[in-house]
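# Structure assessment
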2 protein chains.
Amino acid sequence: MRDTTTRLTTEQQTLVRQVAARLKGEFSGTFSPETVERFVGESRQVLEERAQVTTWLPILIERFARDRLRALARVEGRSDETRPAVLFLCVHNAGRSQMAAGWLRHLAGDAVEVYSGGSEPASEVNRSAVEAMAEVGIDIRTEFPKPWAEEIVRAADVVVTMGCGDACPVYPGKRYEDWELADPAQQPIEVVRGIRDEIRQRVQVLMASLGLSPEG
Amino acid sequence: MRDTTTRLTTEQQTLVRQVAARLKGEFSGTFSPETVERFVGESRQVLEERAQVTTWLPILIERFARDRLRALARVEGRSDETRPAVLFLCVHNAGRSQMAAGWLRHLAGDAVEVYSGGSEPASEVNRSAVEAMAEVGIDIRTEFPKPWAEEIVRAADVVVTMGCGDACPVYPGKRYEDWELADPAQQPIEVVRGIRDEIRQRVQVLMASLGLSPEG
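None of the values given here were measured: they were computed from a predicted structure.

This part takes up the relation of the copies chain A and chain B. Superposition record for chain A on chain B: RMSD 0.0 Å, screw rotation 180°, translation along axis 0.0 Å. On the angle and the small slide along the axis, the relation comes out as a two-fold axis.

This is how it looks when you write it as C-alpha cells:
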C-alpha cells in the first residue's frame, strides 16, 4: 500500500481497508488474510495507476480483487464452482471484450462465469459500445477496463482473444479462440452496431459449443 | 401497449416483448401470462411517459416490472420469500430514497429486500447523490426514479417516508416511519454528504430494529 504516493483520498483509503476486511470474510476458509490483502493491494495498484477519474476506484478495486480471488480458488482447486468460465480479451477492454462479456452474461445468465480484460486497458468503457449495447437491452454502464490477470487466464475454460495479437497471454493446454473483429474505438455508432451484432453471433456459437442454451 | 403513440423505437418495442416473454418464464407457476403482460404494460406506460432519455427504457421496464411481480407474489402469498422487505419513499425518488436504498443494500446485503419509489419521480437520480454515495463506496449509477407501486407498498414490512407528506400512500396495519431529512435537490455536495451520513445512521437503527446485522 503505497500510501505516500497514492491518488486516493483518506476516505478512499479507509474504504479500501474495508474492502480488504470484507473480502477476508468472504474468502475465509479459502485464503489467508495475507493472500487477500496482497490481491487487494495489487488490484489497487494496477487500477489506480490507470484511472482518470478516481471516484469509483474503491468499488472497482473490490470487484477486480473479488474476481481474481474467485479465479485463484478455481486454479488451486479450492472452489466448488462447476460452471464454465470464459475470458474475453482485447487491447483496451473498452469495446469488443466488454460487448462480448455483456452478450454472454445476458444470453447465458448464471450458467457461466464471465471475465474480461485488456492488454492495454483504457480509462473507461467506449461510450458507443455502452450505447449500442443499451439498444439491445444490455446495461454495461458499470463495467470498467482492467488488465488481464494471470489467475483469471488460468482459471478460464475458454479464452477468446480479439485483436490483442502477441500481447495476449498464451498458456499451453487451454482452449483459445481468436475472433477477428474490427476495433470499435473512434467508430461511428452504425459501425459499432455491426460489430455488436457480429459478436452476438459468435457468442451464440460459443455457447452452443459449451452446451449452454439461451435464457428466457 | 399504445404502439401508435409510443416514444420507443421499433427495436425497443421488440425488446419489451422479449422482456415480457422472459418474465412470463420467470413467473410461470406463479402468475398467468396475462398478469405478467399487464404489469409489463403498466410499468412501460408510467416509465415511458416520464423518461427524458429513452435509451434505458426496456432495461428499466424489466427491472420495475420484476420488482412489482415479486412484490405481488408476496402480497398474494405466492412467494416463499421470508426476508424483510423495506420500501423507501420520497418525492422524486432521486436523492433521499435512493441513498437510503443504497445504504440498506450495502449494509445488509442479501438479508433484506429493498425497494424505493417517489410520489413525483424525477427523470434521473440526482448526480450529487450518486457522487456522495460513490465517496462511501456505494454505486447507485444504474438506479432510476420510479413511482411507488401499490403492490410494493402492500408487500413492504416497513415503509419509510421522507418528505412526501400527504402524497405518500398510507395503508392501515403497516409499520411506517417518517424520517425528517433535508431535500438534497439543488444542494451543494457538502450538504448532500451530511444528508447521506444522517441517512446511514437511520438505516443502521432500522436494521437493528429488524434484527439485521451489518455485513462484512
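Still more to cover.
This next bit is on the interface of chain A and chain B. Contacts between the two partners involve 18 residues from chain A, matched on the other side by 16 residues from chain B. Mapped by element, the contributors of at least two residues to the side of chain A that touches chain B are helix H1 (10-26), helix H3 (57-75) and helix H5 (127-135) of chain A. The dominant element in the side of chain A that touches chain B, judged by the number of residues it contributes, is H1 of chain A, at six residues. Across the side of chain A that touches chain B, the residue classes break down as six nonpolar, six polar and six charged.

All names here are of chain A. Each assigned domain of chain A is listed with its residue range as follows: domain 1 (6-81) and domain 2 (83-216). Relative placement of domain 1 and domain 2: their C-alpha centres are 22 Å apart. Taken together, the contact between domain 1 and domain 2 spans 14 residues of the former and 14 residues of the latter. Going through the elements one at a time, helix H2 (33-50) and H3 are the ones with two or more residues in the side of domain 1 that touches domain 2. Here the side of domain 1 that touches domain 2 takes eight residues from H3, the largest share from any one element. Grouping the constituent residues of the side of domain 1 that touches domain 2 by class yields eight nonpolar, one polar and five charged.

As a further point, take the sheet that holds strand S3 (residues 158-162) of chain A. All names here are of chain A. Here four strands make up an open sheet; going across it, the order is S2-S1-S3-S4 and the pairing parallel. Only two strands of the sheet have a single partner each, and these edge strands are strand S2 (113-118) and strand S4 (175-178). Along the sheet, successive strands turn relative to each other by an average axial angle of 20°, direction set aside. Bridge count between strand S1 (residues 85-90) and S3: five bridges; the pairing is parallel. Across the sheet, residue Val86 finds its bridge partner in S3, namely Val158.

How each quantity is defined
Residues numbered from 1 in each chain as written. Chains lettered and ligands numbered in written order. Predicted model: local features only at pLDDT ≥ 70, side-chain atom pairs only at ≥ 80, totals over all residues. Least-squares fit on C-alpha atoms with pLDDT ≥ 70 in both. Contact = placed C-beta atoms within 7 Å. Helix = DSSP H or I, 4+ residues; strand = E, 2+ residues; numbered from the N terminus. Nonpolar A, V, L, I, M, F, W, Y, C, P; charged D, E, K, R; others polar. Domains from an automatic or database assignment. Pairing = 2+ DSSP bridges. Axes fitted to C-alpha atoms, helices over the stretch in contact; angles between N-to-C directions.

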